[in-house]
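A structural walkthrough
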Amino acid sequence: MKTIAITGASGFVGTSLIKYFSALEYKVITIARDVLNNQEKLNEILNSSDIVINLAGANIINRWSESYKKLLYSSRIDTTSKIVNTIKNIQNKPKLLISTSAVGIYDNKETYNENGNYSNDFLSKLCQDWENEASKAKSDSTKVSIFRFGIVMGKDGGALQKMITPFKLGLGGVIGNGSQSFSFIHIDDLLNAYKFVIENEYEEIFNLTAPEPTTNKGLTLALGKTLKRPTILPVPEFVLNLIFSEGAKVLTDGQSVVPKKLLDLGFKFKFKTIENTIDNLCK
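Right, let's walk through the structure included here. (Residues numbered from 1 in each chain as written. Predicted model: local features only at pLDDT ≥ 70, side-chain atom pairs only at ≥ 80, totals over all residues. Heavy atoms only, no water.)

**Some thoughts on the pattern of salt bridges**
What the rule picks out here adds up to eight salt bridges. The salt bridge involving Glu-131 is made with Arg-148; its shortest N-O contact spans 2.7 Å. In this pair, Glu-131 is assigned in helix α5 (residues 122–135) and Arg-148 in strand β6 (residues 143–149), connecting sequence segments 17 residues apart. What makes Glu-131 buried here is its relative accessible area of 5%. (Salt bridge = Lys/Arg side-chain N within 4 Å of Asp/Glu carboxyl O. Helix = DSSP H or I, 4+ residues; strand = E, 2+ residues; numbered from the N terminus. Buried < 20%, exposed > 50% of the residue type's maximum accessible area, 1.4 Å probe, protein only.)

**Focus on the packing of helix α4 (residues 66–89) against α5**
Packing of α4 against α5 leaves a shortest axis separation of 9 Å and a crossing angle of 10°. Classified by the angle between their axes, α4 and α5 sit roughly parallel to one another. Each of Lys-69, Leu-72, Tyr-73, Arg-76, Ile-77, Thr-80, Ser-81 and Val-84 in α4 lies in contact with α5, whose residues at this interface are Phe-122, Leu-126, Asp-129, Trp-130, Glu-133 and Ala-134. In the contact of α4 with α5, the residues fall into eight nonpolar, two polar and four charged. (Axes fitted to C-alpha atoms, helices over the stretch in contact; angles between N-to-C directions. Parallel < 35°, antiparallel > 145°, perpendicular 65-115°, else oblique. Contact = heavy atoms within 4.5 Å. Nonpolar A, V, L, I, M, F, W, Y, C, P; charged D, E, K, R; others polar.)

**Considering the pairing of strand β4 (residues 96–102)**
Extensive coverage of β4 is indicated by the burial of six of its seven residues. Relative to β4, strand β3 (residues 51–54) is paired through four bridges, and the arrangement is parallel. Paired with Asn-54 across the two strands is Ser-99, which belongs to β4. As for the winding sense of the linkage, the β-α-β connection from β3 through α4 to β4 is right-handed. By the bridge criterion, seven bridges tie β4 to β6 in an arrangement that is parallel. Paired with Ser-99 across the bridge in β6 is Ile-146. (Pairing = 2+ DSSP bridges. Right-handed = clockwise from strand over helix to strand, strands pointing away.)

**Some thoughts on helix α6 (residues 158–168)**
Inspection of α6 places Ala-159, Leu-160, Met-163, Ile-164 and Phe-167 among the buried residues, and these make up the whole buried set. Relative to the axis of α6, the buried residues are bounded by an arc of 120° and lie together on one face. For α6, the secondary structure elements touched by its buried residues are β7 (151–153), α8 (216–227) and α12 (274–282). Of the residues flanking the end of α6, it is Gly-170, one or two places downstream, whose phi is positive at about 80°. (Arc of directions from axis to C-beta.)

**As for the packing of α8 against α12**
Between α8 and α12, whose axes approach to 9 Å, the crossing angle comes to 40°. By the angle between their directions, the pair α8 and α12 is classed as oblique. Remark: the crossing between α8 and α12 carries right-handed chirality. Residue-level inspection shows Gly-218, Leu-219, Ala-222, Leu-223, Thr-226 and Leu-227 of α8 in contact with α12, the latter providing Ile-274, Glu-275, Ile-278, Asp-279 and Cys-282. Here the contact of α8 with α12 is built from residues that sort into seven nonpolar, two polar and two charged. (Left-handed = near helix turned anticlockwise from the far one by under 90°.)

Given below as structure tokens:
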């Protein structure tokens, strides 16, 4: 039986991974905050783990005050640094570390595979530093893969749960003019991608997005069609700027991204478009 240790396990993706891999008869250990601050316990867990999945990080969709930006940074970089330094210093190193990043690393000028151009804003620099920190764990004993998440769509949590209520009430609509890109992934495909990479012990940077990115308008139309509700009430960008300040960029300034490396390795997506994703999750 293989053992997987997970940081950030209380979130939507983390709890989904626990259920998924437990059902596959993996032993799953969660690394809580108190463990991260207890070197002896952290050594013990990682010393007995075959795979480490690093998900830790404060919620990106929030108001980005200067203090919150520091929290976004420290909750990712400091946690990853503790994991990496522990892996370096233990005797029985895990075979694979899968660390998280986001498609927000790219600019929004065109559709990108994993070799796309990076942006020069806070979110991109955060992702770059996060990836660089995780990569320090690479050795002859430990491989490192990076998963750049798009927006994760699922029934039990994540972005869809937050946005679906106004649509059900007929109060949904595009954000701004709706033309901003929206790269997403169905939670089932994300979970299967973890299994695919773990079983094959791949060491790569992967875009975790559906093969066909859409726009905010495409998402809005898909929700309206499946829920049979009007989608005529747009959300002005200035309202989001008032609520989230610089953090509004996550909602108003999306990236168009494709998962070339997963596709090239033969990974099969169950949900390739926003229409079949929403149809599956909302019907």
